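Letter by letter, the chains look like this.
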Amino acid sequence: MSTGWQRAIIVGASSGIGEALARQLAKSGCKVAIVSRREHELKRLSDSILAAGDRAAAPLWYVHDVNDTENASALLQEISHDLGGLDLLIYSAGVMPLNPDDSYDLTADLQAISVNVCGAVAWCNAAAERFAKQRGGTIVGISSVAGDRGRRGFPVYSASKAFVDTYLEGLRNRVGRLGVKVVTVKPGPVDTPLVNGLDKKKLPMLISSDEAAEIILRGCSHDGVLYVPGKWRPVMWIVRHVPSFVFKRLNV
Amino acid sequence: MKSEDGFLLPSSRLEKVQSWGMNREALAYVYRPSTVDGIREALNDAHRAGRTVGIRGGGCSYGDASINSENVVLDITRMNRILRWDPQEGIIEIEPGVTLQRLWQYVIGDGWWPPVVSGTMFVTMGGAVGMNYHGKNNYKMGPIGEHVLEFDLLLADGTIVTCSREQRPDVFYAAIGGFGMLGCFTRLVMKMKRVYSGLLEVEAFATSTFTEIARVFEQRMAVDDYLVGWIDCLATSNGRGRGLVHAARYLKPGDDSSANQTLQIAYQDLPETLFGLVPKSIMWRFLKPFSNDTGMRLINWARYFMGSTVGNNKTTRQSHAAFAFLLDYVPNWKRVYLPGGLVQYQSFVPAEHAAACFDQQMEICSKYKVFPWLGVFKRHRTDNFLMTHAVDGYSLALDFPVRKRSADRLKQAICEMNRVVLESGGRFYFAKDSMLTPDDANAYLGQDVIARFRQIKRELDPDGLWQTDLSRRLFGNWNSDTAPNRALQEAR
């Protein structure tokens, strides 16, 4: 499958959807730069992509902690140089603190805000500035269906994804007219390390990260909001319209 | 090269840089110095950030010759002072950002004209000399380099070396046509051509094949000062190679009784309207509906029809500017080629093989169903510059529209045409090129010439600071021991 993208950065590529996206983009002939905090994971992924494809498919890899927002722009500049340009930025770093009904873990919550929100803003801002000058390019932010409602199980995670939704919408309205595509990806449950703490049997419409990546790469040629898989769109439309007094009584 | 101290180029300098053919574009850190010290600052920044520097003048190269993706682009257009002009001897000393327009306008009043001019006047003379451009009089006057007496070249380490035919002749003959790989010109001294009128005597006539047009050129070369052929590349196989020849001669002293007037800039100016009616600036919009093979076939046919009937064998007097700067007649005409832009394919073929080679090119075009919308035919001769593109023969420049659905076919066609040209002992021109491969460049320049150029490059620019997308495409990073990418290496 050719995606039309030549040079991509994937932030948060060492596992989950980011990893699957990196593999599939590399396979399609796109030059891929993978960014993650964990060096050994990056090496493992890079080696296995190399083993699967030819030498040209070798991804470039960069160790970077998305909490280190101040360096995001500089690293984007460096990677763009190494890739010889840039057409696609995917921000797929994310953490989900689990807050059982009786616990409040501020450290974990702030960490989630830092990764899901601050990191996304740092990278997507930098990409938007570059793409606006380029009059082209695609920014993909991995949000979640969780952002559509405040959920009792993970208030901060839901809120962080709601931030990402609104932020990317704003970005789209800002740079869309300059030819830049901004895609908000909203997956339902995907079988990734993110959901390791949950009972997978109870997750509705669970898909593999490979399936998710396929849907995302197919859907990201248009900007807008992309539910993954698409059937979440009507489902979440209904969920969004459930009145609060009903929603708070539901066990979701 | 790698950043020394984490120094980053300011992202405010990031700009989109486009090829003239609009088929290549990239972001680059653009510096626009107006002084030599300004250039040095840019070099210093590039050095600290571990980036390379590509020089850009008017940006009139069709391909990637003035693009340096994600690295520094040194735009010299603000280095545009005229330093000295001797109207007795016709010798002018200029900075590299002076455009051809500024140059001819500066000298014409004193009865001089640039000896070699391109089809557009918006090139800078630095770029012109860097590419060693030619004109419609190449067979007579050679490339612009033959009229350069001396230049200053700013090297990668910031020092300046003065070169002429006597002083560092090796650098003189390599930097002219050296496509910005040895240094940045900071001063050029050139000799202009004496003219006795602002007018040329122009003759036009029709020809029907490549063989015929070449024969006409051979006959006229001795008498005419300029010769250019236009080829209808969309003609069907019966009419293949048909075209029009425009031949022009300088007037002798006394031929033009109102020379004082015709040598004024105002007299030379291109008309503001076409057919006395349509403002030129919007003309390209009228051409837009014809921007397909059928529309262009019609326009080419109409041009040939008019030229071969009412215009045939007519002699007229035309101003230098009107005859020379055909590309500037319809401003922004290249937008007709949007959205994909255009590729110009120009090959230079020795005279004995030219007609056959160009016939073959036309055949390849129809085989792959890619049709040039414009074809221009010129006569050339050899010169002494190291990286020369000229041959004792002819060139045919073909303008191909770039379209998504025909892009692969165009690539294949050009590949095949390259083979035919190389087999005929032909050459190519960096200012036009966007498709050559390293093997093609090796084949026409020859191993020895490339080795010699590399040797001079290593002496003047040991770190390979001067680079462009074109240079990387054809010659790699110059320094084979330069690491291409840290992460790539570590990943192995």
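### Quick word on the overall build of chain A
A count of helices and strands for chain A gives eight helices and nine strands. The C-alpha radius of gyration computed for chain A amounts to 18 Å, which stays within 12% of the reference 18 Å derived for 252 residues, consistent with globular compactness. Along the three orthogonal principal directions, the C-alpha set of chain A runs to about 55 × 40 × 35 Å. A total of 252 residues make up chain A; the buried ones form 54% of that total. If you take every contact in chain A between residues at least 6 apart in sequence, the share linking residues at least 24 apart comes to 69%. Charged side chains of chain A number 30 positive and 25 negative; the gap between the two group centres comes to 7 Å.

### Overview of the packing of aromatic side chains
All names here are of chain B. All told, the structure shown has 33 aromatic pairs over all chains when counted by the stated rule. When the ring of F179 is compared with that of W478, the centres are 6.5 Å apart and the planes differ by 40 degrees; the resulting orientation is tilted. With F179 in the loop between helix 5 (169-175) and strand 10 (184-191) and W478 in the loop between helix 16 (469-475) and helix 17 (486-491), this pair connects stretches of sequence that are 299 residues apart. Exposure class is identical for F179 and W478. Each is buried. With 5.8 Å between their ring centres and 55 degrees between their planes, F210 and F358 make a pair best called tilted. Highlighted residues: F210 in helix 6 (residues 210-220) and F358 in helix 12 (residues 351-368), separated in sequence by 148 residues.

### Topic: the sheet that holds strand 17 (residues 314-319) of chain B
Strand pairing in a sheet relies on backbone hydrogen bonds. The paired strands run either parallel or antiparallel. All names here are of chain B. Judged by pairing direction, the sheet is antiparallel, and its seven strands sit side by side in the order 17-12-14-13-19-20-18 without closing on themselves. A single partner strand is all that each edge strand has here, and the edge strands are strand 17 and strand 18 (342-350). Strand-to-strand, the axes of this sheet are offset by a mean angle of 25 degrees, without reference to chain direction. Bridge count between strand 12 (residues 199-207) and strand 17: six bridges; the pairing is antiparallel. Residue pairing across strands places L200 opposite Q318, the latter belonging to strand 17. Contacting strand 18 and strand 20 (393-401), helix 13 (residues 407-423) runs over the sheet at an angle of about 15 degrees to strand 18.

### Some thoughts on the sheet that holds strand 4 (residues 88-91) of chain A
Residue and element names in this part refer to chain A. The sheet built from seven strands is open, its strands ordered 3-2-1-4-5-6-9 with parallel pairing. Two strands in the sheet have a free side with no partner beyond their single neighbour: strand 3 (60-63) and strand 9 (224-228). The sheet shows a mean angle of 15 degrees between the axes of neighbouring strands, direction not considered. Sheet analysis places strand 5 (residues 138-142) next to strand 6 (residues 181-187), joined by five bridges and oriented parallel. Opposite V140, over in strand 6, you have V183 as the bridge partner. Strand contacts of helix 1 (residues 16-27): strand 1 (7-11), strand 2 (31-36), strand 4, strand 5 and strand 6, with the helix running at about 165 degrees to strand 1, the strand carrying the most contacts. The strands touched by helix 2 (residues 39-52) within the sheet are strand 2 and strand 3, with strand 3 carrying the most contacts at an inclination of about 175 degrees.

### Re unusual backbone geometry
At the junction of V228(A) and P229(A), the peptide bond is cis and its omega measures out at -10 degrees in the coordinates. Note the cis peptide between L338(B) and P339(B), where omega equals 10 degrees. Among the structural elements, P339(B) can be located in the loop between helix 11 (320-324) and strand 18. Positive phi outside glycine occurs at R135(A), with the angle close to 55 degrees. You can see R135(A) is positioned in the loop between helix 4 (106-134) and strand 5. Positive phi, close to 60 degrees, is recorded for M22(B), a residue that is not glycine. According to the relative accessible area criterion, M22(B) is buried, its value standing at 10%.

### A look at the pattern of salt bridges
Scanning all chains against the criterion turns up 39 salt bridges over all chains. The partner of D148(A) in a salt bridge is K186(A), with the nearest N and O atoms 2.7 Å apart. Here D148(A) is found in the loop between strand 5 and helix 5 (155-175), whereas its partner K186(A) is found in strand 6, with 38 residues between them in sequence. On the basis of relative accessible area, D148(A) is assigned to the buried category, the value being 14%. Across the pair R32(B) and E15(B) runs a salt bridge whose closest N-O atoms are separated by 2.9 Å. Of this pair, R32(B) sits in the loop between strand 2 (25-31) and helix 1 (36-49) while E15(B) sits in strand 1 (residues 14-18); the two residues are 17 residues apart in sequence, bridging distant segments of the chain. E15(B) sits in the partly exposed class, given a relative accessible area of 27%. Because the salt bridges share partners, they merge into one network encompassing E201(B), E203(B), R220(B), D224(B), R249(B) and R317(B).

### A few points about the nonpolar core
One finds M125(B), F151(B), F179(B), F377(B), F430(B) and F475(B) to be the most contacted residues of the largest nonpolar core, which totals 130 residues. When residues in this core are grouped by element, the largest group, eight residues, is from helix 12 of chain B. In this structure F151(B) touches V161(B), T162(B), C163(B), V171(B), F172(B), A175(B), I176(B), F185(B), R187(B) and L188(B), once residues within four positions along its chain are discounted. Residues A93(A), A122(A), C124(A) and L168(A) belong to the second largest nonpolar core, which totals 34 residues.

### Brief notes about the pairing of strand 4 (residues 72-75) of chain B
All names here are of chain B. On strand 4, burial covers both faces: V72 and L74 on one face and V73 and D75 on the other are all buried. Where strand 2 lies against strand 4, three bridges are found, and the strand directions are parallel. From the neighbouring strand, Y31 faces strand 4, where its bridge partner is L74. The pairing of strand 3 (residues 53-56) with strand 4 spans four bridges and is classified as parallel. Looking at the pairing, R56 lines up with D75 of strand 4.

### Digging into the confidence of the model for chain B
All names here are of chain B. Summarising the model, chain B shows a mean pLDDT of 92, and 96% of its residues fall at 70 or more. Confidence over residues 481-492 falls short of pLDDT 50; this stretch has 21 contacts with residues more than four positions distant or in other chains. Here the predicted complex scores 0.91 on pTM and 0.87 on ipTM.

### Quick notes on the environment of E93(B)
All names here are of chain B. Along the chain, E93 falls in strand 6 (residues 91-94). With 213 residues separating them in the primary sequence, E93 and M306 have C-alpha atoms 43 Å apart. Every residue in contact with E93, bar those within four places of it in the chain, is listed here: I82, L83, R84, R187, L188 and V189.

Basis of the calculations
- Residues numbered from 1 in each chain as written.
- Chains lettered and ligands numbered in written order.
- Predicted model: local features only at pLDDT ≥ 70, side-chain atom pairs only at ≥ 80, totals over all residues.
- Heavy atoms only, no water.
- Helix = DSSP H or I, 4+ residues; strand = E, 2+ residues; numbered from the N terminus.
- Rg over C-alpha atoms; globule rule 2.2 N^0.38 Å.
- Buried < 20%, exposed > 50% of the residue type's maximum accessible area, 1.4 Å probe, protein only.
- Contact = heavy atoms within 4.5 Å.
- Lys, Arg positive; Asp, Glu negative; His and termini not counted.
- Charge placed at Lys NZ, Arg CZ, Asp CG, Glu CD.
- Phe/Tyr/Trp six-rings, centres within 6.5 Å; stacked < 30°, edge-to-face > 60°.
- Pairing = 2+ DSSP bridges.
- Axes fitted to C-alpha atoms, helices over the stretch in contact; angles between N-to-C directions.
- Salt bridge = Lys/Arg side-chain N within 4 Å of Asp/Glu carboxyl O.
- Core = buried A, V, L, I, M, F, W, Y, C linked by side-chain atoms within 4.5 Å.
- pLDDT = per-residue confidence, 0-100.

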